[in-house]
Amino acid sequence: MSRCKEWLKDTTNLAYLTMILVWLTTVITIKGFARLGHNVSTLQTAALMGFAVLGQAVVVISGGIDMSVSEIITLSSVTCAACIKAGLPTPVAMGIALLACMLVGAFNATSIVFLKVPPIIQTVAAGCIIEGTLLVLTNGTPPAGCGKLLSWMSKGKPLVVTNAFWIWMAVYAILWWMMNRSKFGRYVYAIGTNVNTAKNSGVHVTKMNYMIYMLSGFCAGISGILMLGNIGSTYLTIGDPYQLYSIASVVIGGIAITGGKGKFSGVIAGTILTVLIRDILNVMSISEAFRNIFQGLLVLVLLLAYGRERRAR
Amino acid sequence: MKDAFLQVKQVSKSFFGNKVLSNVSAELRPGEFLALIGENGAGKSTLINLITGIYSYDEGEIWINGKLCKTITPAEAQRLGIYTVRQELSINPVLTVAQNVFLGHEILNHGLVNKKEMERITRELLDAVHLKHIDPRQDAGTLTMAEKQMLEFCKAVYQNPKLLVLDEATSALDDDQVEIIFNKLRELQKQGLMVIFISHRLHELYEICNIMTVLKDGQQIVTEPIQSLDEDRLISLMTGRTIQDLFPAKRESKKVQSAPEIIKIEDGTFGKCKHIHLAVKKGEILGIGGLQGQGQQTFMECLFGIRKLEQGAMFLDGERIVLRGPSDAMARGIAYLPAERKTEGLFVSHPIAFNLTFACISRLCDFLGTIRRKAEKEEIDRAFTSFSIKAHSPNQIISELSGGNQQKVVLAKWLARNPKLLLLNEPTRGIDVGTKKEIYELMAGLAGKGVSIVMISSDTMELIGMCDRVITVYENEINYELLGNDLTEEALVKASVFRRDRNE
């Protein structure tokens, strides 16, 4: 009994348990949710935004936050589309898009480290800058360009579920290894827990911040590219919904928003659960506005719940 | 005989089935000062927390002012006149000194805060403890650790306490400041003030207390007038050891001083310190003493690369170097144990293992950067046995350990790197005698193996007992250097307090 209690106290376990329960409930109660096709599409949605969540999770564990995720997603899909339209081969186009996203990450890190701008302010500002720049450069209508290769990479289904999902799993596996089995992960948790001690113990905090925010940019970039592949074209608000979703997924996955605490593995459950909740609200034909309200309230409730647990110690 | 203000009768307390205090009794009458002694984890803080209402007790009775208090809340305890000054400071750094003193007890004038009156009273309080240079209007964050602790004391005294609980409240003070506080306490004693005093510095307890209670593993070993317990007997009651063997035997001074220099600063300028000459020999234990906040810490920050050497030169093993930061210093074999264990030395919310291997993690990685788990486990096991860390398992969260064990973990974390220069800032602050002795032995062992140690300490006895050479710092300058037979308590106190005459 006490072991069961102990198991439930772990926010990650709680996230996975809730995910399974919610999924079972939808399968039983909502018509059509048991179909394989529906579940594949749920996982596809989860995977597409899931990359951004992976990066966001690393940032949050390091004690920061990346509010430029949504604009980075847009930036990457627009850049990639433009490059493909210009006749560049798909891999090159993807490379350029990802590079652009990492540059945004480097810009974020520079301000945060050297100008001491709080992460939340810096990343919101960076987001605004990207948004404005894209609007000016594209005149509001981004170029349409998407090759067969990109479409296949995103929604091809050689192995039951889409390729995007498998790529998501692969990136997750690499990041999981980095966060749990490598020096990098130790340092990220250390910075999120206590920057002073980390510095005094030889962590190169500047270098780490660059790596962390560039990683977040890179991950959000993959989201953007595969979203382009998924629908075959892009638009300037393609990334917008995912800002809140990415943070919600991290929090729902059991990672402390205050940094330094929570297992990285929670992100998968967090992401899928977020998508499931969105789907349920969708089916109940609740409007976009109310979906947002609900999502916002959910994040708030979760933050309060986790905050309480922290205080109880 | 006056009636007892506080009567603790056969009180017990358990946490999660562990009895941390069993059948402890105490009595305090007006004017009595009680010393509470025991190693870390002996139950001193628990007893105090029961009296001040932070915890509730399981068995027994606590009577305050002739009334049985079954449950006490901290607010009630304060209303009854019981105030506490703790080692962990509660000073708010962004409020002014005066605002801190009156926090929650602001003087009101028609519903508005009477700033002038509060500042006037604060001025008086500060003057009474010889802190004339502090302005009541300045931010409390600008004060040194010692000044903050003095301010805490002022804050408590202003409330006219009947019973003042001092829980390691002098840990950051030097001998002079302690004396100022003690004089104030003696003054108040005549008006009937009672004190419960916890301190790891035994001589302070002897100076001011009249009764002493020794706790060990939650049991009350003895309660006697302080005169009847001499220091030797006291230590053996606490630990089963005597004071003679607290410090390991010293080495011959000439031999140590003839060793080659390992690190040297020539005409260095860093922070407020200017034209500093400093050299540390191989295998030497160099102490940095002096009054609190004279710039001692700046020396260490410079040696560890936290603070840049603005002018002058630094040499390591005879080779000129420039330290670009802590990681650079670490790569060159320097390790630094900060004074603030919880905020600068540890990741308190993480397991022991995470902390233990943090500084040497690169060595435990393979070529891909993966941490080799077997190597890490070996490293942890080795640290556990060689430092005799008392914990259930390496996965225990470090904040659950006692201060002494936490300090051992920080030391182990650094020694895993096999440093050739070890910088220790207040290595034994707030640590029980038993662990102190272990740390001293460890230091002596390292020095014997050729590791150089630089140690800042506000404990005079520790500097004399451990160091081959001591320099004192006064207003960011090296004041005196003492070694060999010149290193006595009297000389050291003098060297700390008086500025050297430059024309001498």
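Residues numbered from 1 in each chain as written. Chains lettered and ligands numbered in written order. Predicted model: local features only at pLDDT ≥ 70, side-chain atom pairs only at ≥ 80, totals over all residues. Heavy atoms only, no water.

Q: Please clarify how the overall build of chain A should be interpreted in this entry.
A: On a plain count of helices and strands, chain A comes out with 14 helices and zero strands. When the helices and strands of chain A are placed in sequence order, the string is α-α-α-α-α-α-α-α-α-α-α-α-α-α. The C-alpha radius of gyration computed for chain A amounts to 19 Å, which stays within 12% of the reference 20 Å derived for 313 residues, consistent with globular compactness. Counting only C-alpha atoms, chain A reaches 60 × 55 × 35 Å along its principal axes. Put simply, of all contacts in chain A between residues at least 6 apart along the chain, 78% involve residues at least 24 apart. (Helix = DSSP H or I, 4+ residues; strand = E, 2+ residues; numbered from the N terminus. Rg over C-alpha atoms; globule rule 2.2 N^0.38 Å. Contact = heavy atoms within 4.5 Å.)

Q: Hey, could you run me through the nonpolar core in this one?
A: Across soluble globular proteins, nonpolar side chains have a tendency to be buried as a group. Counting residues in hydrophobic clusters, the biggest one holds 124 residues, and the most contacted among them are Leu164 and Leu185 of chain B. Here this core gathers at least three residues from each of two domains, domain 1 (6–91 + 143–241) and domain 2 (253–497) of chain B. The residues contacting Leu185 of chain B, other than those within four sequence positions of it, are Phe33, Phe153, Leu164, Leu166, Leu193, Val195 and Ile208 of chain B. By size, the runner-up hydrophobic cluster in this structure holds 99 residues, among which are Cys80, Leu134, Tyr189 and Val267 of chain A. (Core = buried A, V, L, I, M, F, W, Y, C linked by side-chain atoms within 4.5 Å. Buried < 20%, exposed > 50% of the residue type's maximum accessible area, 1.4 Å probe, protein only. Domains from an automatic or database assignment.)

Q: Honestly, the sheet that holds strand S22 (residues 477–483) of chain B in this entry has me stumped. Any pointers?
A: Strand pairing in a sheet takes place through backbone hydrogen bonds and is either antiparallel or parallel in direction. Residue and element names in this part refer to chain B. One open sheet accounts for six strands, arranged S18-S19-S20-S15-S21-S22; its pairing is mixed. Bordering the open sheet on either side are strand S18 (334–337) and S22, each of which pairs with just one other strand. Averaged over all adjacent pairs, the angle separating strand axes in this sheet is 20 degrees, with direction ignored. Pairing between strand S19 (residues 421–425) and strand S20 (residues 452–456): five bridges, direction parallel. What sits directly across from Leu421, in S20, is Ser452. Those strands touched by helix H15 (residues 403–415) are S18 and S19, and its axis lies near 170 degrees from that of S18. Against the sheet, helix H18 (residues 489–497) contacts strand S21 (469–474) and S22, and its axis sits at roughly 25 degrees relative to S21. (Pairing = 2+ DSSP bridges. Axes fitted to C-alpha atoms, helices over the stretch in contact; angles between N-to-C directions.)

Q: Just to check I follow, could you spell out empty space enclosed by the protein for this structure?
A: Residue and element names in this part refer to chain B. All told, the structure shown has five cavities of 30 Å³ or more when counted by the stated rule. In this structure, the largest cavity encloses a volume near 140 Å³. In terms of lining residues, the largest cavity is bounded by 15 residues, among which Ser171, Arg201, Thr428, Arg429 and Gly430 are the most central. The residue makeup of the lining of the largest cavity, split by class, is no nonpolar, eight polar and seven charged. (1 Å grid on protein atoms, 1.4 Å probe; cavity = no way out; pocket = protein on both sides within 12 Å on 5 of 7 lines; lining within 4 Å. Points joined across faces, edges and corners; volume = space filled by probe spheres on them. Nonpolar A, V, L, I, M, F, W, Y, C, P; charged D, E, K, R; others polar.)

Q: Is there a simple way to think about the interface of chain A and chain B in this case?
A: A common way to state how big an interface is: give the accessible area lost once the parts meet. Listed per partner, the contact involves 20 residues of chain A and 29 residues of chain B. Carbon and sulfur atoms make up 57% of the surface buried where chain A meets chain B, a total of about 2,000 Å² over both sides. Where chain A meets chain B, there are one salt bridge. Across the pair Glu376 of chain B and Arg186 of chain A runs a salt bridge, and its minimum N-O distance is 2.8 Å. (Buried area = accessible area lost by both parts, 1.4 Å probe. Salt bridge = Lys/Arg side-chain N within 4 Å of Asp/Glu carboxyl O.)

Q: Sorry, what's going on with the sheet that holds strand S6 (residues 82–86) of chain B here?
A: Residues and elements named next belong to chain B. One open sheet holds the six strands; their spatial order is S6-S9-S10-S3-S11-S12, and the pairing between them is mixed. Where the open sheet ends on each side, the last strands, each with one partner, are S6 and strand S12 (219–225). Adjacent strand axes in the sheet meet at a mean angle of 15 degrees when their direction is disregarded. Judged from the six bridges that link them, strand S11 (residues 211–216) and S12 form a sheet pairing that is antiparallel.

Q: Hey, could you run me through the layout of surface pockets in this one?
A: Empty pockets left among the atoms are what a rolling probe the size of a water molecule brings to light. Residues and elements named next belong to chain B. Its boundaries defined by the atoms lining it, the second largest pocket holds a volume of some 1,100 Å³. For the second largest pocket, the lining is made up of 42 residues, of which Thr144, Gln292, Gly293, Gln294 and Gly295 are closest to its centre. Of all elements in the fold, only helix H5 (145–158), helix H6 (175–190), helix H10 (296–303) and helix H12 (341–345) reach the threshold of two or more residues within the lining of the second largest pocket. In terms of residue class, the lining of the second largest pocket is made up of twelve nonpolar, 19 polar and eleven charged. The residue makeup of the lining of the second largest pocket includes at least three contributed by each of domain 1 (6–91 + 143–241) and domain 2 (253–497).

Q: Honestly, the packing of helix H3 (residues 36–61) of chain A against helix H11 (residues 205–231) of chain A in this entry has me stumped. Any pointers?
A: Two measures define how a pair of helices packs: the angle their axes make with one another and the distance between the axes. Residues and elements named next belong to chain A. Taken N-terminus to C-terminus, the directions of H3 and H11 make an angle of 170 degrees; their axes are 7 Å apart at the nearest point. Here H3 lies roughly antiparallel to H11, going by the angle between them. Residue-level inspection shows Gln44, Leu48, Met49, Phe51, Ala52, Leu54, Gly55, Gln56, Val58 and Val59 of H3 in contact with H11, the latter providing Ile212, Tyr213, Leu215, Ser216, Cys219, Ala220, Ile222, Ser223, Leu226, Met227 and Asn230. Of the residues contributing to the contact of H3 with H11, the split by class is 15 nonpolar, six polar and no charged. (Parallel < 35°, antiparallel > 145°, perpendicular 65-115°, else oblique.)

Q: Help me understand a nonpolar patch on the surface in this model?
A: All names here are of chain A. Side chains of Trp7, Leu8, Leu14, Leu17 and Leu21 sit close together on the surface and give an oily, nonpolar patch of about 420 Å² of accessible area. For the nonpolar patch, the secondary-structure elements that each account for two or more residues are helix H1 (2–9) and helix H2 (11–29). With respect to the helices and strands, Leu8 occurs in helix H1. (Patch = residues over 30% accessible without salt bridge, like charges linked within 9 Å, V, L, I, M, F, W, Y side chains within 5 Å. Areas by Shrake-Rupley, 256 points an atom, 1.4 Å probe, with all protein chains shown as cover.)

Q: Quick question: what am I supposed to make of the packing of H2 of chain A against helix H13 (residues 266–283) of chain A here?
A: All names here are of chain A. Two elements in contact, H2 and H13, have axes whose closest approach is 9 Å; the angle formed by their N-to-C orientations is 30 degrees. Relative to H13, the element H2 is oriented roughly parallel. Considering the relative orientation of H2 and H13, their crossing is left-handed. Across the interface between the two elements, Thr12, Ala15, Tyr16, Thr18, Met19, Val22, Trp23 and Thr26 of H2 pack against Gly266, Ile268, Ala269, Ile272, Leu273, Leu276 and Ile280 of H13. (Left-handed = near helix turned anticlockwise from the far one by under 90°.)

Q: What's the story with the side chain of Ser22 of chain B in this structure? I'm lost.
A: All names here are of chain B. Residue placement: Ser22 occurs in strand S2 (residues 18–28). Of the residues examined, Ser22 reaches a relative accessible area of 12% and is grouped as buried. In this structure the side chain of Ser22 is engaged in a polar contact, spanning 3.5 Å, whose partner is the side chain of Gln219. With residues up to four places along the chain from it excluded, the contact list for Ser22 reads Val11, Ser12, Gly218 and Gln219. (Polar contact = N/O pair within 3.5 Å; in protein donor to acceptor, adjacent residues only side chain to side chain.)

Q: What am I meant to see in the state of the cysteines here?
A: Note on terminology: a disulfide is the covalent bond linking the sulfur atoms of two cysteines. Summed over all chains, the structure comprises zero disulfides over all chains. Left unpaired, Cys83 of chain A is separated from the closest cysteine sulfur, that of Cys80 of chain A, by 6.9 Å. Classification of Cys83 of chain A as buried rests on a relative accessible area of 11%. Counting only cysteine sulfurs, Cys273 of chain B is the nearest neighbor of Cys467 of chain B, a cysteine outside any disulfide, at a range of 19 Å. (Disulfide = S-S within 2.5 Å.)

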